[in-house]
Amino acid sequence: MYATALLSLVLLQLIGCERIFTHGIIPIKASNALTSLSTILSCLSLMEIAMNGNGLPQRFHKWRAFAMSRHLLYMAIAMFCINCLFGCARQTDSAAERVIFVAKNNIGEKKLYIMNLDGRGPNELHWGGFEQISKLPAWSTDGKRAVAYLDRNDASGLYISDDETKVPRLVLSDEDLPRGITLNGSSYPILSPDGSALAFLGFGDSGAEVFIANIAGTSVTQLTRNEFSEEHLSWSPDGKRLVFASALKDMGGYLMNDIFVIGADGSGIVQLTNNASANLDPSWSPDGKRIVFTRDRDIYVLELDTMNETRLTDDGLDMRPVWSPAGDRIAFISLRDSECDGITIADGVQFCTTAIYFMDADGSNSVLWLKDNKQIVDIAWLPLAGSVDQP
């Protein structure tokens, strides 16, 4: 009986919210139930020991009357109820963490979805008038504002919406940009960490260039000027720099991308990668020390202090890695479980499903999180703060 009680308590500690459900191996609700059952098993085992008196020192026998009463059973039942309501999920932020993504069905329709890490969802996200968009909105770090490109007949451009009014406000349109520069659904606007500025891509004859503007849209500065296109912007946590991918090489007729960093004032551009590969999807870590990116659809992490690269995946099927708010995990889109139905969508490309995976920041504990009948095309981890609708 001692062994049974000890085993139960060990199980309680293992399930007790350290590694198992935080990586999606079992849902939080199931973890809570197992934790509660372990608690009850421990209590009942100790009750049996006390009632039988087996192996108990003489000085403990005076507590047998209490153990044989119903009080201990009531306590076990109470612990079960408390664990079910407030269990070990409270020891992590998993229940509060959310991922949003844009998914496309087999007729080309794109919708915005939200899903909690504890398994609730996915549900369509209705927030701030940003439901009908082809690219993800970018939220501020406090979760209270978001920016996105909206294609409207009367006024297309970059719009900001907040969690109070939930009414999109036009910040920038083509008329606010230098002559020959336009905005579109691939402008990827992102808010600076302090919410005072936004970076975006403007499109001209030579492709996409990086721009920065104040939040009012009254001041616009062009940061890059070259003959190829930039893409996939990400702010440094201190708001002083931007990382992006740029197609600067022509490898036998194919444009290959490298990763660059530039100051928010346009100074100090630095090339981080230099190889004959497609280096894409850079994302700056919350601690500012690392950048995750893809190379030929494998995921890498670059340590900025040492410039050492670590390959995290090696199946050639992964894309769009994004950091969790704490920087301890990475979510990404994968073709590992792709299914193609032979139907072509509106742009003439065969429709194939994609899935969302999670893994630790070092590439371990890779877990399939969501596999649906949709083609997930973009993904982001929401800030823990803010009032984005819960599923």
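Residues numbered from 1 in each chain as written. Predicted model: local features only at pLDDT ≥ 70, side-chain atom pairs only at ≥ 80, totals over all residues. Heavy atoms only, no water.

Engineer: Give a detailed account of the sheet that holds strand E19 (residues 309–311), specifying residues and quantitative values.
Structural biologist: A sheet is described by the order of its strands in space; here four strands give the open sequence E16-E17-E18-E19, paired in antiparallel fashion. Of all strands in the sheet, those with a lone pairing partner are strand E16 (279–284) and E19, marking the two edges. Strand-to-strand twist of the sheet, defined as the mean angle between neighbouring strand axes without regard to direction, takes the value 25°. (Pairing = 2+ DSSP bridges. Helix = DSSP H or I, 4+ residues; strand = E, 2+ residues; numbered from the N terminus. Axes fitted to C-alpha atoms, helices over the stretch in contact; angles between N-to-C directions.)

Engineer: Which residues make up the pattern of salt bridges, and what are the values?
Structural biologist: Across all of its chains, the model carries 12 salt bridges by this definition. We note a salt bridge from arginine 336 to aspartate 315, for which the minimum N-O separation is 2.6 Å. Of this pair, arginine 336 sits in the loop between strand E21 (329–334) and strand E22 (340–344) while aspartate 315 sits in the loop between E19 and strand E20 (318–323); the two residues are 21 residues apart in sequence, bridging distant segments of the chain. Exposure remark for arginine 336: the relative accessible area of 28% places this residue in the partly exposed category. Aspartate 318 serves as the salt-bridge partner of arginine 336, at 2.9 Å between the closest nitrogen and oxygen. Of this pair, arginine 336 sits in the loop between E21 and E22 while aspartate 318 sits in strand E20, and the two are 18 residues apart along the sequence. (Salt bridge = Lys/Arg side-chain N within 4 Å of Asp/Glu carboxyl O. Buried < 20%, exposed > 50% of the residue type's maximum accessible area, 1.4 Å probe, protein only.)

Engineer: Mind laying out the sheet that holds strand E25 (residues 367–371), listing which residues take part and the relevant values?
Structural biologist: Across the sheet, which stays open at both edges, the four strands sit in the order E20-E21-E24-E25 with antiparallel pairing between neighbours. The open sheet has two edge strands, E20 and E25, and neither has a second partner. If you compare each strand with its neighbour and ignore which way they point, the axes differ by 25° on average. In the sheet, E20 pairs with E21 via four bridges, with the strands oriented antiparallel.

Engineer: Hey, could you go over the nonpolar core for me, with residue numbers and the actual values?
Structural biologist: Core analysis: the largest hydrophobic core is formed by 30 residues, its most contacted members being Leu172, Leu198, Phe200 and Leu242. Not counting chain neighbours up to four residues away, the residues in contact with leucine 198 comprise Val147, Leu158, Ile160, Val171, Leu172, Ile190, Leu191, Phe211, Ile212, Ala213, Ile215 and Trp235. (Core = buried A, V, L, I, M, F, W, Y, C linked by side-chain atoms within 4.5 Å. Contact = heavy atoms within 4.5 Å.)

Engineer: So what about the pairing of strand E10 (residues 207–214)? Which residues, and what values?
Structural biologist: By the criterion of burial, E10 is predominantly enclosed, with seven of the eight residues buried. With eight bridges connecting them, strand E9 (residues 197–204) and E10 associate as antiparallel partners. Of the residues in E10, the one forming a bridge with glycine 202 is glutamate 209. Hairpin connection between E9 and E10: a loop of two residues separates the two successive antiparallel strands. Alignment of E10 against strand E11 (residues 220–222), held across three bridges, turns out to be antiparallel. Residue pairing in the sheet places alanine 213 in a bridge with valine 220 of E11.

Engineer: Residues and numbers for empty space enclosed by the protein, please.
Structural biologist: Going through the model one piece at a time under the given rule, you end up with one cavity of 30 Å³ or more. For the largest cavity, the calculated volume is near 40 Å³. Around the largest cavity sit Lys135, Leu136, Ala148, Tyr149, Asn184, Gly185, Ser187, Tyr188 and Pro189, which together line it. (1 Å grid on protein atoms, 1.4 Å probe; cavity = no way out; pocket = protein on both sides within 12 Å on 5 of 7 lines; lining within 4 Å. Points joined across faces, edges and corners; volume = space filled by probe spheres on them.)

Engineer: Describe the packing of aromatic side chains, with residues and values.
Structural biologist: Counted according to the given criterion, the structure contains seven aromatic pairs. Taking the centre distance of 5.5 Å and the plane angle of 15° together, the rings of phenylalanine 101 and tyrosine 113 count as stacked. On the criterion of sequence distance, the pair formed by phenylalanine 101 in strand E1 (residues 98–104) and tyrosine 113 in strand E2 (residues 110–116) is long-range, its members being 12 residues apart. As far as the burial class goes, phenylalanine 101 and tyrosine 113 line up, both buried. (Phe/Tyr/Trp six-rings, centres within 6.5 Å; stacked < 30°, edge-to-face > 60°.)

Engineer: Give a detailed account of the confidence of the model for the protein, specifying residues and quantitative values.
Structural biologist: Of all residues in the protein, 67% have pLDDT values of 70 or greater, and the mean over the chain is 77. Note that residues 8–31 has pLDDT below 50 and, in this model, 51 contacts with residues that lie over four places away or in other chains. (pLDDT = per-residue confidence, 0-100.)

Engineer: Describe in detail the environment of aspartate 174, supporting the description with residues and values.
Structural biologist: Here aspartate 174 is to be found in the loop between strand E7 (169–172) and strand E8 (190–191). Its relative accessible area of 32% is what places aspartate 174 among the partly exposed residues. Once the C-alpha coordinates of aspartate 174 and asparagine 184 are considered, the two residues, 10 residues apart in sequence, prove to be 9.3 Å apart. Polar contacts involving the side chain of aspartate 174 include one to the main-chain amide nitrogen of leucine 183, which spans 2.8 Å. (Polar contact = N/O pair within 3.5 Å; in protein donor to acceptor, adjacent residues only side chain to side chain.)

Engineer: Provide a residue-level description of the side chain of threonine 224, including the pertinent values.
Structural biologist: With respect to the element layout, threonine 224 can be found in the loop between E11 and strand E12 (230–235). A distance of 2.7 Å separates a polar atom in the side chain of threonine 224 from a polar atom in the side chain of glutamate 209. Only 2.9 Å separates the side chain of threonine 224 from the backbone nitrogen of valine 210, close enough to count as a polar contact. When near neighbours in sequence (up to four residues on either side) are disregarded, threonine 224 contacts Glu209, Val210, Glu230, Phe244 and Ile262.

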